[in-house]
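Observations on the model geometry
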Amino acid sequence: MSTNITSQNLEKIIPDAEDFLPLLGTDYVELYVGNAKQAAYYYQTAWGFQPIAYAGLETGLKDRVSYVLRQDKITLVLTSPLQPDGEINKHINAHGDGVKVVALWVDDATKSYEETTKRGAESYIKPTTKEDKDGTVVFSGIHTYGETVHIFVERKNYNGAFLPGYKAWDKPYTTKDTGLKYIDHMVGNVGWNEMNKWCEFYAKVMGFAQLVSFDDKDISTEYTALMSKVMSNGNGRIKFPINEPAEGRKKSQIEEYIDFYNGAGVQHMALATDNIIETVSSLQDRGVEFLTVPATYYETVLDRVGEIDEDLEPLKELGILIDRDDEGYLLQIFTKPVLDRPTMFFEIIQRKGAQSFGKGNFKALFEAIEREQEQRGTL
Ligand code: TYF
Ligand code: FE
């Protein structure tokens, strides 16, 4: 069952025990959206993702279209239906645009499927082999919270643009990247009192352990109206915090999400950068909207976090938040929801040693979220 580990001993503990589900990283994240062509343009133009691959009518698909975009190690797939009815339409009708697939890169998709389903995972796709002129990919899939799924992708014998069935997408329009490197963590919002159930799922079915970091949110309920635990895989490359709503002074932001998403789903993706000032400047220039904290935050922040490498002024101008733990510090900022429904948003994070999630910022962050909820009339 779930063992408690800290980020310091994370690398040490798990490799000794048998890791029945070794994960190499996040392979891709697929969103079901109403209009993939325009969503792709948004992630290209505003976020600096590059066109990679395409599947649709031109490649022989009749019922759906997918655009694949990449920035360094982050791969997004945007999928829309081309016909009425069917699974994708149902998903969009219930949830609006949102994450359907969090795909995990593995060496053995068949073993990943067997190990997880025998521990109780519900099957989404049985191990399936697909080939084209560029090689072979094996994939399989299981269900997780809400209608979200994990697909295991084994691509060690594949050299194509993305997956068999896709063609390289040579689009003449490209944009400058914004310095985003990899997915640091992906957060799931689940229903009332469901956090422990889903943490146990990641522990029992996927062999994850709870990351007891400095900022365990169980103890900080005064401002949060949420509870959260972070589950991590053995090598620490995959981190999935799980939030559930809690009774607070105001309506929980998690409850607002669940109401509009119509159930559990991915709340935010945290994207890592090596230079948060440059990344956030360029995202803001391109129209990405971020939450802001009062100027008073910056009057006391250095008393709390001590010395940092960056000048405070640009951080203050951009609204970047700072926190420290016993391993170092981190810089982070949150977008407003990027969809029409107040559901999914992004976090931009730069870690300078710290392996935690920004506990020192929760008060300022959650008050900023509450101001937005107030404007939406959902508090
Ligand atoms: O991933 C985290 O834990 C941080 C903090 O609704 C956070 O990014 C937690 C819950 C939330 C928004 C941010
Ligand atoms: Fe986060």
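Residues numbered from 1 in each chain as written. Chains lettered and ligands numbered in written order. Predicted model: local features only at pLDDT ≥ 70, side-chain atom pairs only at ≥ 80, totals over all residues. Heavy atoms only, no water.

1. Some thoughts on the nonpolar core
Y43, W47, M206 and M269 are the most contacted members of the largest nonpolar core, which has 90 residues in total. Among all residues touching W47, those that are not within four sequence positions of it are Y42, Q71, T178, L180, L271, L283, R286, V288, T335, V338, F346 and I348. Listed in part, the 14 residues of the second largest apolar core include V68, V77, A103 and F139. (Core = buried A, V, L, I, M, F, W, Y, C linked by side-chain atoms within 4.5 Å. Buried < 20%, exposed > 50% of the residue type's maximum accessible area, 1.4 Å probe, protein only. Contact = heavy atoms within 4.5 Å.)

2. A word on the UniProt feature "domain: VOC" (unreviewed entry) in the protein chain
Under the local residue numbering, the UniProt record ascribes the feature "domain: VOC" (unreviewed entry) to residues 25-155 and 182-336. Regarding residues 25-155, the helix share stands at 23% and the strand share at 50%, and the terminal C-alpha atoms are separated by 12 Å. (UniProt positions renumbered as here; feature names shortened; annotations may be inferred. Helix = DSSP H or I, 4+ residues; strand = E, 2+ residues; numbered from the N terminus.)

3. Details of the pattern of salt bridges
Counting across every chain of the model gives 18 salt bridges. The salt bridge involving K251 is made with D259; its shortest N-O contact spans 2.7 Å. Where R376 meets E256, a salt bridge forms, and the shortest distance between an N and an O atom there is 2.7 Å. Taken together, the residues R376 in helix α10 (residues 362-376) and E256 in helix α6 (residues 253-261) connect sequence positions 120 residues apart. For R376, a relative accessible area of 32% gives the class partly exposed. Through salt bridges with shared partners, one network takes in K111, E115, K118 and R119. (Salt bridge = Lys/Arg side-chain N within 4 Å of Asp/Glu carboxyl O.)

4. Details of the sheet that holds strand β3 (residues 50-55)
Within the open sheet, the 9 strands sit side by side as β7-β8-β9-β6-β2-β5-β4-β3-β10. Their pairing is mixed. The sheet is open, and its two edges are formed by β7 (123-132) and β10 (167-168), each paired on a single side. Both strand β6 (residues 98-106) and strand β9 (residues 149-158) contribute to a ladder of 6 bridges, which runs parallel. When the sheet's bridge partners are listed, A103 is paired in β9 with I151. Against the sheet, helix α3 (residues 86-95) touches β2 (25-32), β4 (64-71), β5 (74-81), β6 and β7, its axis set at about 100° to β5. (Pairing = 2+ DSSP bridges. Axes fitted to C-alpha atoms, helices over the stretch in contact; angles between N-to-C directions.)

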